[in-house]
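Here are the chains, one letter per residue:
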Amino acid sequence: MATFRLQVVSMDGLEYDGQVQRIKLRTIHGDLAILARHMNYVTAIGMGTATVVFEDGTERKAACIGGMLSMMNNHCRVIPTTWEWGDEIDVKRAMEAKKRAEEILQESNLEMQARVNAEAKLYRALVRIGSAKK
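Residues numbered from 1 in each chain as written. Predicted model: local features only at pLDDT ≥ 70, side-chain atom pairs only at ≥ 80, totals over all residues. Heavy atoms only, no water.

**Q** Quick one: what's the story with helix 2 (residues 112-131), residue by residue and with numbers?
**A** Taking 1.5 Å of rise per residue, the 20 residues of helix 2 would be expected to cover 28 Å, and the 29 Å separating its terminal C-alpha atoms lies within 8% of that figure. Taken together, the buried positions of helix 2 are occupied by A118, L122, A125, V127, R128, I129 and S131. Contact partners of the buried residues in helix 2: strand 5 (47-54), strand 6 (59-72), strand 7 (75-85) and helix 1 (91-105). (Helix = DSSP H or I, 4+ residues; strand = E, 2+ residues; numbered from the N terminus. Expected span 1.5 Å × (residues − 1). Buried < 20%, exposed > 50% of the residue type's maximum accessible area, 1.4 Å probe, protein only. Contact = heavy atoms within 4.5 Å.)

**Q** I'd like a rundown of the nonpolar core, residues and numbers included.
**A** Ranked by size, the top nonpolar core spans 22 residues in total, and within it F4, L6, I23, V78 and W83 carry the most contacts. Ignoring any residue separated from it by four or fewer positions in sequence, one finds V78 in contact with L6, Q7, V8, V9, I23, L25, I45, M68, L69 and W83. (Core = buried A, V, L, I, M, F, W, Y, C linked by side-chain atoms within 4.5 Å.)

**Q** Tell me what's going on with the layout of surface pockets, and back it up with residues and numbers.
**A** Here the largest pocket defines a volume of roughly 300 Å³. As for the largest pocket, its lining consists of I65, T82, E84, R93, A97, R100, A101, I104, K121, R124, A125 and R128. Top element by residues in the lining of the largest pocket is helix 1. It accounts for five residues. Classifying every residue of the lining of the largest pocket by side-chain character gives five nonpolar, one polar and six charged. What the second largest pocket holds in volume is close to 150 Å³. (1 Å grid on protein atoms, 1.4 Å probe; cavity = no way out; pocket = protein on both sides within 12 Å on 5 of 7 lines; lining within 4 Å. Points joined across faces, edges and corners; volume = space filled by probe spheres on them. Nonpolar A, V, L, I, M, F, W, Y, C, P; charged D, E, K, R; others polar.)

Set out below in structure tokens:
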């Protein structure tokens, strides 16, 4: 299968730089798969599990939250706000964050902004848990 260069650069530094067959991730418009020779394209990234299929056909998942993706001339750059490879996610910590967010959401007199913040924290925790290597 044809490949293309993928660079993933998060705030923590270079997460990946090499040839891949495909990357699939959530954008603000829905799920997107990029293959070799994809048209030039730029979009904002949403919150979800990213799947990278490497040159040898193996795949690796990551929690990908926010940022930008560009595909220009068969070179894909992913610049996420947060990128955590599934096998590096601290599931216990993510479960604790999920529990804390759910507890906040149980409060009956929660202000709108506090509810929005708690829902975002809950969704991030769920993405991390869902992306973790089982």
